[in-house]
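Descriptive structure summary
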Amino acid sequence: TNAKRDIPLYPKYVLSGETISYLKQPTFDMWDWEPNEMLALLEHMYDDLKITEEFKINKITLKRWLRAVQSKYRNNPFHNFRHGFCVAQMMYGMVHACGLQFQDKFSRQDLGILLTACICHDLDHPGFNNTYQINARTEL
């Protein structure tokens, strides 16, 4: 980050029309993208669904928040940042496939809640299943 303004320094990605269209498809391949690219794609989702506009979310604030979310995912085989991104992308694709982005279906608040829940649903997941957690008597 830039210490002077604390701005995340992941590169600025210019998304092509082809990438933007592909992002809306259920066939989108999450394995083709690096973590910084996934952050840029998530930013696009917030912008495209007009969530940033509706809630007057500053672009730098969104970048910081997405980086914070990414940093809270553990490095485990499945419940990691890529999985959170995959769930968010699939929801984004379904919103577009079903036309839910129009105000008569879901409000922008609804879409913001959905996208944020998808991105964050496995934050800090330890990577073990429920049976392990029960048998090990771990805390919630």
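My aim in this report is to walk through the structure given alongside it, one point at a time. (Residues numbered from 1 in each chain as written. Predicted model: local features only at pLDDT ≥ 70, side-chain atom pairs only at ≥ 80, totals over all residues. Heavy atoms only, no water.)

**Concerning the nonpolar core**
Worth spelling out the cut-off: Here, the term nonpolar core denotes a set of buried Ala, Val, Leu, Ile, Met, Phe, Trp, Tyr and Cys residues that are joined through side-chain atoms within 4.5 Å. We call a residue buried when its accessible area falls under 20% of the maximum for its residue type, exposed when it is over 50%, and partly exposed in between, using a 1.4 Å probe and counting protein chains only. Strands here are runs of E lasting at least two residues and helices are runs of H or I lasting at least four, both read from the DSSP assignment and numbered beginning at the N terminus. Contact definition: two residues touch when any of their heavy atoms are within 4.5 Å.
Ranked by size, the top nonpolar core spans 26 residues in total, and within it Leu23, Leu42, Met45, Leu49, Phe85, Leu115 and Ile119 carry the most contacts. Contributions of two or more residues to this core are made by helix H2 (35-48), helix H4 (59-72), helix H5 (81-98) and helix H6 (108-120). Not counting the four nearest positions on each side in its chain, Leu115 is found in contact with Met45, Tyr46, Leu49, Ile51, Ala88 and Met91.

**Topic: the side chain of Gln89**
The criterion, for reference: Pairs of N or O atoms are called polar contacts if they sit within 3.5 Å, as long as, within protein, a hydrogen donor faces a hydrogen acceptor (for residues adjacent in sequence, only side-chain-to-side-chain pairs).
Tracing the chain through its elements places Gln89 in helix H5. Under the relative-accessibility criterion, Gln89 is labelled buried at 2%. One polar contact links the side chain of Gln89 to the main-chain carbonyl oxygen of Leu23, over a distance of 2.7 Å. If we skip the residues at most four places from it in the chain, Gln89 touches Leu23, Gln25, Phe28 and Met45.

**Observations concerning H5**
As a reminder, the rule being used: Each residue after the first adds 1.5 Å to the expected span of a helix.
In this model, H5 (18 residues) spans 26 Å end to end at C-alpha, consistent with the 26 Å of a helix rising 1.5 Å per residue. If you check which residues of H5 are buried, you get Phe81, Arg82, His83, Gly84, Phe85, Ala88, Gln89, Met91, Tyr92, Gly93, Val95 and His96. Elements that come into contact with the buried residues of H5 comprise helix H1 (17-23), H2, H4 and H6. With a side-chain oxygen positioned 3.2 Å from the backbone nitrogen of Arg82, the residue opening H5 is Asn80.

**Topic: the pattern of salt bridges**
Once their charged atoms are close, side chains differing in charge can pair, the charge on each being opposite to the other. For the record, the criterion: One speaks of a salt bridge when a side-chain nitrogen belonging to Lys or Arg is within 4 Å of a carboxyl oxygen belonging to Asp or Glu.
Evaluation of the coordinates by the stated rule reveals four salt bridges. Taking the shortest distance from any N to any O, the salt bridge between Glu53 and Arg108 comes out at 3.5 Å. One end of the pair, Glu53, is in helix H3 (residues 51-54); the other, Arg108, is in helix H6, and 55 residues separate them in sequence. Glu54 is paired through a salt bridge with Arg108; the nearest N and O atoms lie 3.5 Å apart. Here Glu54 is found in helix H3, whereas its partner Arg108 is found in helix H6, with 54 residues between them in sequence. Three or more residues joined by partner-sharing salt bridges are found here, namely Glu53, Glu54 and Arg108.

**Observations concerning the packing of aromatic side chains**
For clarity, the cut-off: In summary, the pairing rule links any two rings of Phe, Tyr or Trp, Trp by its six-membered ring, whose centres are within 6.5 Å, and it sorts them by plane angle into stacked for under 30 degrees, edge-to-face for over 60 and tilted for everything else.
Counted by the stated rule, this structure contains five aromatic pairs. Taking the centre distance of 4.8 Å and the plane angle of 40 degrees together, the rings of Tyr22 and Phe28 count as tilted. We classify Tyr22 as partly exposed; its relative accessible area is 26%. Judged by its relative accessible area of 8%, Phe28 falls in the buried class. A ring pair is formed by Tyr73 and Phe81, whose centres lie 6.2 Å apart and whose planes are at 65 degrees; its orientation type is edge-to-face. These aromatic residues form a ring-pair network of at least three members: Tyr22, Phe28, Trp33 and Phe85.

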